[in-house]
Amino acid sequence: MKAYEAGVVAAGAAYLVVLGWAMQSLSYDIWGALVVTPVLALISIPLINRAFADDLAPLRPWVWAGLAVKFAGAVAGYNVRFEAYGGSADAGRYHATGKLIAGQFHDGTMGIFGLIPTSTNTAFVEELTGLVYAASGTSRLGGFMVFTWMSFWGLAFCVKAAHHAIGGFATRRYAIVVFFFPSLVYWGSSIGKEAFVGLCLGVSAYGASLVLTRRGGAVRGFVLLAVGLVGAAYV
């Protein structure tokens, strides 16, 4: 236990050193992700433990590895959009509008209910980015991490849905494909429609699996199915 505690302290000290260096050497658009990402990881601990319990518990190491790879995919996606493309991508527009919305909220010109996305299509994602930025800050790479986290949970729900719906399914192999297939690592790992729609499709798939198998209550399944489909429909 003492060795574990010492390791935690050492990791924390190393993190603070890296964060301090980043704050002095990099722009907030970059170093802000060093604040957002650990928070997302901490939030994920109870969520993953609950979502992957009982017969799914052996998958947890693969799930955590999938989350880490997804975050790496966000860094790659960020570099492609803002370095290779020079910012001429949809993510740049979402970032600019989201930053404006978050600024209006923090300076008091917009109330908390004004942050709730109510538009459709592209405007919905712009408003969703504003909501994310109001909570996480306006770091571009930090925003990529939040949207990537949404995309990751869409994949996780797909794994749970397949496991519940198909008897004798090779869940571990399927999880490895879903979490590590290159196009799925990259797709959705950015600020944009793909991440949110991926989350909604995963929730819908899981809800449908509960309805079809009557596992966990049909009402709960119908609610998840409806929430996922309505969310995707807004986009």
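Here the residue numbers are simple positions, counted from 1 along each chain's written sequence. Only residues with pLDDT of at least 70 get local features here, since the model is predicted, and only at 80 or more are side-chain atom pairs given and counted; chain-wide, interface and lining totals rely on the full set of residues. Based on all heavy atoms of the structure, the side-chain values leave hydrogens and waters out of the count.

**Description of the overall build of the protein**
Strands here are runs of E lasting at least two residues and helices are runs of H or I lasting at least four, both read from the DSSP assignment and numbered beginning at the N terminus. Across its full length, the protein holds eleven helices and zero strands. In sequence order, the protein lays out its α and β elements as α-α-α-α-α-α-α-α-α-α-α. Only C-alpha atoms enter the radius of gyration, while the globule expectation follows 2.2 Å times N to the 0.38, with N the number of residues. The C-alpha atoms of the protein give 19 Å as radius of gyration, which agrees with the globular expectation for 235 residues (18 Å, within 12%). On the principal axes, the C-alpha backbone points of the protein span a range of 55 × 50 × 35 Å.

**Overview of the pattern of salt bridges**
For this analysis, a salt bridge means a side-chain nitrogen from Lys or Arg found within 4 Å of a carboxyl oxygen belonging to Asp or Glu. Scanning all chains against the criterion turns up three salt bridges. Here aspartate 29 ties to arginine 140 by a salt bridge, and the two come within 3.4 Å at their closest N and O atoms. Pair noted here: aspartate 29 is in helix H2 (residues 28–31) and arginine 140 is in helix H7 (residues 140–165), with a separation of 111 residues, a long-range link. The cut-offs for exposure are 20% and 50% of the maximum accessible area for each residue type, with area from a 1.4 Å probe on protein chains only; residues under the lower value are buried, those over the upper are exposed, and the others partly exposed. Residue classification places arginine 140 among the partly exposed residues on the basis of a relative accessible area of 21%. Linking aspartate 90 and arginine 93 is a salt bridge whose minimum nitrogen-to-oxygen distance equals 3.6 Å. Remark: arginine 93 and aspartate 90 occur in helix H5 (residues 90–106); sequence separation between them is three residues, near one turn of the helix. Linked by salt bridges that have partners in common, Asp90, Arg93 and Glu126 make up one network.

**Concerning helix H4 (residues 60–84)**
Expected span of a helix: the number of residues minus one, times 1.5 Å. Here H4 contains 25 residues, and its C-alpha end-to-end distance of 35 Å stays within 8% of the 36 Å for a straight helix at 1.5 Å per residue. Among the residues of H4, Val63, Gly66, Leu67, Lys70, Phe71, Gly73, Ala74, Gly77, Tyr78, Arg81 and Phe82 are the ones counted as buried. Contacts are assigned to residue pairs with any non-hydrogen atoms lying within 4.5 Å of each other. On the buried face of H4, the contacting elements are H2, helix H3 (33–51), H5, H7, helix H8 (171–180) and helix H9 (182–186). In the stretch just after H4, glycine 86 is the one whose phi turns positive, near 65°.

**Here's the deal with the environment of alanine 13**
Considering the arrangement of structural elements, one finds alanine 13 in helix H1 (residues 2–25). Since its relative accessible area comes to 41%, alanine 13 is described here as partly exposed. Sequence separation between alanine 13 and aspartate 55 is 42 residues, and the spatial gap between their C-alpha atoms is 36 Å.

**A word on the side chain of lysine 70**
Examined against the element boundaries, lysine 70 turns out to sit in helix H4. Although lysine 70 is buried, it forms no salt bridge, and the closest oppositely charged side chain is glutamate 194 at an N-O distance of 9.7 Å. Look past the residues within four positions of lysine 70 in its chain and what remains in contact with it is Thr148, Ser151, Phe152, Leu155, Leu184, Val185, Trp187, Gly188 and Ser189. Charged-residue counts in this description rest on Lys and Arg as positive and Asp and Glu as negative, His and the chain ends being excluded.

**Description of unusual backbone geometry**
A positive phi angle, near 55°, is found at aspartate 54, a position not held by glycine. Here aspartate 54 shows up in the loop between H3 and H4. Phi is positive for asparagine 121, close to 60°, though the residue is something other than glycine. Examined against the element boundaries, asparagine 121 turns out to sit in helix H6 (residues 121–136). For asparagine 121, a relative accessible area of 40% translates into the label partly exposed.

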